[in-house]
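Remarks on the overall topology
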Amino acid sequence: MLTAALLVTALLFGGMVLYSFGFAAFVFSALPMETAGPTIRRAFPHFYIFVIATASVAALLIWPLAPSLSLALAAIAVTGLPARQILMPAINRATDTGAKARFKWLHGLSVLITLSHIGLSGWVLSQIPGLAT
């Protein structure tokens, strides 16, 4: 159970880092802006489903071993839901209506949420090896 919790948490952490700093940056550098924007818009719902599902599985796996770590992972899953269902559509509406200031604010909020998810999952990941002793 410990190994599974470690692997799923590592998948969550690595997946978020890769998407945020690898895939998104690559899309905007490799594609013209008129293609990159819609491509990222189509990819983000899948990113959030990945975060919600992976954090949920990791939380369930680690619950018997460390309830506090499980709650941290559950917090990632729970806050991923409004980010996907409320924040992401609001960002898209701001883009569609040309509300640049609103877009910047909302996008900044989404970046802050994602960075906090990465940081929290990284912290959980760093705590798991200590459970083996």
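For the structure itself, look to the data block above.
A brief structural summary.

Moving on: the nonpolar core. Residues L12, I62 and L73 are the most contacted members of the largest nonpolar core, which totals 29 residues. When residues of this core are traced back to their parent elements, those giving at least two are α1 (2-30), α2 (33-62), α3 (67-97) and α4 (100-127). When residues of this core are assigned to their parent elements, the largest contribution, eleven residues, is made by α2. For L73, the contacting residues outside a window of four places in its chain are T9, L12, A55, A58, A59, I62 and V124.

This part is about the side chain of T54. Along the chain, T54 turns up in helix α2. In this structure T54 touches V8, L11 and L12, once residues within four positions along its chain are discounted.

Together, M1, L65 and L131 give the surface a local cluster of nonpolar side chains, amounting to about 270 Å² of exposed area. With respect to the helices and strands, M1 occurs in the segment before α1.

For the coordinates displayed, the defined rule picks out six aromatic pairs. Seen in terms of ring centroids, Y19 and F23 are 5.1 Å apart; in terms of plane orientation they differ by 35°. Their pairing is tilted. Taken as a pair, Y19 and F23 lie in helix α1 at a separation of four residues, close to a single helical turn. F23 sits in the partly exposed class, given a relative accessible area of 31%. Between Y19 and F44, the ring centres sit 5.1 Å apart and the planes meet at 80°, which makes this aromatic pair edge-to-face. In this pair, Y19 sits in helix α1 while F44 sits in helix α2, placing the two residues 25 residues apart along the sequence. You can call Y19 buried: its relative accessible area is 11%. Note on F44: relative accessible area 22%, which makes it partly exposed.

So, about the layout of surface pockets. Volume-wise, the largest pocket comes out at about 690 Å³. The set of elements that each furnish at least two residues to the lining of the largest pocket consists of α1, α2, α3 and α4. Counting residues per element, the lining of the largest pocket draws most heavily on α2, at eight residues.

Here we come to the environment of L109. Its location among the elements puts L109 in helix α4. Considered as a pair, L109 and I91 are 18 residues apart in the sequence and their alpha carbons are 9.9 Å apart.

Using the criterion set out here, one finds one salt bridge in the structure. With a shortest N-O distance of 2.8 Å, R41 and D96 are connected by a salt bridge. You can see R41 sitting in helix α2 and its partner D96 sitting in helix α3, a full 55 residues away along the chain. Using a relative accessible area of 30% as the deciding quantity, one classes R41 as partly exposed. With a relative accessible area of 55%, D96 lands in the exposed category.

Each value, and the rule that gives it
- Residues numbered from 1 in each chain as written.
- Predicted model: local features only at pLDDT ≥ 70, side-chain atom pairs only at ≥ 80, totals over all residues.
- Heavy atoms only, no water.
- Core = buried A, V, L, I, M, F, W, Y, C linked by side-chain atoms within 4.5 Å.
- Buried < 20%, exposed > 50% of the residue type's maximum accessible area, 1.4 Å probe, protein only.
- Helix = DSSP H or I, 4+ residues; strand = E, 2+ residues; numbered from the N terminus.
- Contact = heavy atoms within 4.5 Å.
- Patch = residues over 30% accessible without salt bridge, like charges linked within 9 Å, V, L, I, M, F, W, Y side chains within 5 Å.
- Areas by Shrake-Rupley, 256 points an atom, 1.4 Å probe, with all protein chains shown as cover.
- Salt bridge = Lys/Arg side-chain N within 4 Å of Asp/Glu carboxyl O.
- Phe/Tyr/Trp six-rings, centres within 6.5 Å; stacked < 30°, edge-to-face > 60°.
- 1 Å grid on protein atoms, 1.4 Å probe; cavity = no way out; pocket = protein on both sides within 12 Å on 5 of 7 lines; lining within 4 Å.
- Points joined across faces, edges and corners; volume = space filled by probe spheres on them.

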